[in-house]
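Topology and contacts: notes
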Amino acid sequence: MRVTRRFWLTLVAIGSLILGGGLLDAPLLVVGAAGLAGWLLAMQLAFVRGVSHLRDDLAVNQSLDRSRVRTDVETQYTLETSIGTDGVHLPASVETTGPLAARTEAGHPPTIDLDTSMKSSSVTVPLTWETVGEYTIPGATVTVSDGTGLYIQSFTTAPGPDITVESPSVGPLHVGQSGKQLLTGVGEHDARGRTGGLSAEEIRKYVPGDALKYVDWKATARLDEAHVRNYEAESNRSVVLVLDHRHSMGDGPPGETKLDHLKAVAAAFRQRAETIRDPLGYLTIGDAGVTESMAPVARTEAYQSCQHRINDLTTEAETPATATVSAAQSGATTSPVNPMSETQSPMETTLLAYREAAGSKRFLPDQPLYNGFQTASREIRGADLLVICTDDSNPSELRNTVGLARRDATEVVVFMTPSVAFDEDLVTELDTAYERYQAFDRFRRELNEFGSVTAYEVGSPDQISAILADSPANRERGEHV
Amino acid sequence: MSTALGTETRTLRSLPTALGLLGIAAAAVGLVSGGPLWLGLAGVALGGLYLLGTPVLAVVFGQIALVAVDAPSLLPLALVEGGLFLVLLSVAFEAPDSRVAGSLVAVIVPLLCGLAWLSLGRWNVDPFPVGVALVVGTAVVGYLCHRYLLVELDIVTTDSDFQ
């Protein structure tokens, strides 16, 4: 309970009367002080009773028109209050403070003032969510004052609804091989690995992208159609997302760039990993090399960190996390710059010289993806599942990277965006588009032929369909019709 | 916060009521009848303070004016004290839960005033100790009410109070 200035003024008056009564030996002043003190106490008791009753009778309801929303999208937030009693009540004001991630158009939180005779009131305001995450609307603060302005009391109601704010995503996503949409969910991965056992889960129809080793030949013979056996992992396996966010990943219309498509794929893997508590890590590569990395761990903070990193990825230049000497500049085999080189002891210098002479790391010019992956920690390179998200702008670099990745990782999955599907002049150059797509698909199949490597194409279904529609087979069919 | 301040500002001035005006009139009559004529001016000031929306100051002023009356007889004393009591009662009746507030004022104010009167008049205790005892006693009860409300509203729990 807070007291107001009026209360303190009354208290000063009481004190003055007592002091005056004592000094002047005037008992009547003390009697007056007793009357005023009794009045203050009586008003306080009445206020306590009023607040207690109001709290029982007051219903505050907070609601949102949806429970899942994307960033920068408006939601309607409604604050309703009602008092389930007849007669007058203490004047109250109900104020809510939304989460920091949300902002209102007016700039101040919604408030309802309930006068002594008001029974119900509501207010609806648009809230715009700015940051990805899961939020709970905090409880509303009810501030009650007594009618004479002596006392104020605030209390908080129960928390409001939960809301999940997601990053804006691209439209429909095509993930597949040779123009055929992959039917299994993105992010789901099979259970090959070095640790833990496998248990057969179910038999299902074969879909493009399934490895031949999982074909259940008995079921295929029995059902006269290719079937595979699904396995479920009995232990957690580490997943590392290698995300390329170099300049070329910005191709495509705003909001539907190569990077936006691959971010959706990466987000699906992250979500899947969090669901089954797989250790998750990431490695992001920019134009200057590695921009950020995290070794795989199965902690809630790690999943959130990964999601934030995915959301924040842009194709703008970032400061590399580990400075590596640009092979393009030196034009020769180089090694990472050791920031401690100036403080190295003679012993360290000698040992490092031996290591470099042994050629433990070989950096290639103009291949930041390859060089960055090479400098990654052993936990990242040795993940059970390595997911590489990039494009086809530098096939030789990707070939080298995949070759390097499969040495340590148990399984490598490559998601590639065909550059042809993100060209702005796709319509005018449709004649050559199919040929370029064929070259891309040949490269994808080449990667797919590597052991323990699976390569997929990622793009907009409309663009892929438009390119495939111009294939010779389709053209012939069109001519016959 | 802004709402709370707004409420405070709105209720800082108490509106005059018939009961309050009756109390002021009674007190003014008591002052004029029990003392010298110039106390009529005190009665006017009393009314002015009440009409200005400061009934507490009016009560304090009335009590001080009563001291100026040399050995007031019972009737003027009863008129002034009764009138000032009505002023306090009228403020309580302005509160939203007027019946409860009025009842509490009607019980507690005479109780404390009577206790003070007995202590001073019958038991011959000095005014200052009586006043201090009254203020301390009232403050203790007020603090207990405050803590009760915090527990009632689940702002503090009974266990955490004593940790």
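Residue numbers run consecutively from 1 along every chain, following the written order of its sequence. Chains carry letters from A onward and ligands carry numbers from 1 onward, assigned in written order. Only residues with pLDDT of at least 70 are given local features in this predicted model, and only at 80 or more are side-chain atom pairs given and counted; all residues enter the totals for whole chains, interfaces and linings. To get the side-chain values, all heavy atoms of the structure are used, and hydrogens and water are removed first.

Some thoughts on the confidence of the model for chain B
All names here are of chain B.
- On a range of 0 to 100, pLDDT expresses the predictor's confidence in each residue. When the pLDDT values of chain B are averaged, the result is 83; 88% of them are 70 or greater.
- Any two residues whose heavy atoms approach within 4.5 Å at even a single point are treated as in contact. Segment residues 1-11: pLDDT under 50, and 16 contacts once partners within four positions in sequence are set aside and those in other chains are kept.
- Reported for the predicted complex are a pTM of 0.57 and an ipTM of 0.88.

Structural notes on the interface of chain A and chain B
- The partner chain B presents 57 residues to the 57 residues of chain A that form the contact.
- Buried surface at the junction of chain A and chain B, both sides included, amounts to about 4700 Å², of which 76% is carbon and sulfur.
- Buried area is calculated as the accessible area (1.4 Å probe) missing from two parts once they are joined, with the contributions of both summed. Looking only at chain A, the three residues that lose the most surface to chain B are Arg6(A), Leu28(A) and Trp39(A), adding up to 14% of its buried area.
- The rule for a salt bridge is simple: a side-chain nitrogen of Lys or Arg has to be within 4 Å of a carboxyl oxygen of Asp or Glu. Summed over the shared surface of chain A and chain B, the number is 2 salt bridges.
- In this structure, Asp97(B) and Arg49(A) form a salt bridge, with 2.6 Å as the shortest nitrogen-oxygen distance.
- A run of DSSP states H or I qualifies as a helix once it reaches four residues; a run of E qualifies as a strand once it reaches two. Both are numbered from the N-terminal end. At the level of elements, helix H1 (5-24), helix H2 (27-57), strand E5 (92-95), strand E7 (111-114), strand E10 (141-145) and strand E11 (151-156) of chain A are the ones that each hand at least two residues to the side of chain A that touches chain B.
- If you tally residues by element for the side of chain A that touches chain B, the top one is H2(A), at 24 residues.

Here's the deal with the packing of aromatic side chains
All names here are of chain A.
- Pairs were defined over the aromatic rings of Phe, Tyr and Trp, the Trp ring being its six-membered one, requiring ring centres within 6.5 Å. Orientation was assigned from the angle between planes: stacked under 30 degrees, edge-to-face over 60, tilted for the rest. Summed over all chains, the structure comprises 7 aromatic pairs over all chains.
- On the basis of an interplanar angle of 25° and a centroid distance of 5.8 Å, the ring pair of tryptophan 129 and tyrosine 135 is categorised as stacked. The pair tryptophan 129 / tyrosine 135 is uniform in exposure class, with both members buried.
- Between phenylalanine 269 and phenylalanine 415, the aromatic rings sit 5.6 Å apart at their centres with planes inclined by 65°, giving edge-to-face as the arrangement. Here phenylalanine 269 is found in helix H4 (residues 258-275), whereas its partner phenylalanine 415 is found in strand E21 (residues 411-417), with 146 residues between them in sequence.
- On the basis of relative accessibility, which here comes to 3%, the residue phenylalanine 415 falls in the buried class. Residue exposure (1.4 Å probe, protein chains only): buried if accessible area is under 20% of the type maximum, exposed if over 50%, otherwise partly exposed.

What to know about the pairing of strand E12 (residues 162-166) of chain A
- The criterion for strand pairing is that DSSP finds at least two bridges linking the strands in question. In this sheet, E12(A) lies alongside strand E3 (residues 68-70) of chain A in parallel orientation, the contact comprising 3 bridges. In the strand pairing of E12(A), Arg70(A) is matched with Glu166(A).

Regarding the nonpolar core
- The term nonpolar core refers to a set of buried residues drawn from Ala, Val, Leu, Ile, Met, Phe, Trp, Tyr and Cys, joined through side-chain atoms within 4.5 Å. Ranked by size, the top nonpolar core spans 86 residues in total, and within it Trp39(A), Trp129(A), Val144(A) and Leu31(B) carry the most contacts.
- With 17 residues, the single largest contributor to this core is H2(A).
- The contact partners of Trp39(A), leaving out residues within four places of it in the chain, are Thr10(A), Leu150(A), Val56(B), Leu88(B), Val91(B), Ala92(B), Val105(B) and Val109(B).
- If you look at the next biggest cluster of nonpolar residues, it comprises 35 residues, including Phe373(A), Val414(A), Ala421(A) and Tyr437(A).

Things to note about the environment of Tyr437(A)
Residue and element names in this part refer to chain A.
- If you trace the backbone, tyrosine 437 turns up in helix H11 (residues 430-448).
- Residues tyrosine 437 and isoleucine 467 lie 30 residues apart in sequence; the distance between their C-alpha atoms is 7.5 Å.
- Once residues lying within four places of it in the same chain are set aside, the contact partners of tyrosine 437 are Ser178, Gly179, Val420, Glu457, Ile464, Ile467 and Leu468.
- Among the polar contacts made by the side chain of tyrosine 437, one reaches the side chain of glutamate 457 at a distance of 2.6 Å. Polar contact is the term for a pair of N or O atoms within 3.5 Å; when the atoms are in protein, one must be able to donate a hydrogen and the other to accept it, and sequence-neighboring residues count only if both atoms are side-chain atoms.

Examining H4(A)
Residue and element names in this part refer to chain A.
- Here the expected length of a helix is defined as 1.5 Å per residue gap, with one fewer gap than residues. Across its 18 residues, H4 extends 26 Å between first and last C-alpha, which sits within 8% of the 26 Å expected from 1.5 Å per residue.
- Buried residues of H4: Lys258, Leu259, His261, Leu262, Lys263, Val265, Ala266, Ala267, Ala268, Phe269, Arg270 and Ala273, and no others.
- Positive backbone phi, approximately 55°, marks arginine 277, located one or two places after H4.

Considerations on the sheet that holds strand E1 (residues 2-3) of chain A
Residue and element names in this part refer to chain A.
- In space, the 5 strands of this open sheet follow the order E1-E11-E10-E5-E7, with antiparallel pairing throughout. This sheet does not close on itself; its edge strands, each paired only once, are E1 and E7.
- Bridge count between E5 and E7: 4 bridges; the pairing is antiparallel. Each bridged residue has a counterpart across the sheet, and for serine 93 the counterpart in E7 is aspartate 113.
- Lines fitted to C-alpha atoms define the axes here, with helix axes fitted over just the stretch in contact, and angles between the N-to-C directions of these axes take values from 0 to 180 degrees. Lying on the sheet, H2 is in contact with E5, E10 and E11; it crosses E11 at an angle near 25°.

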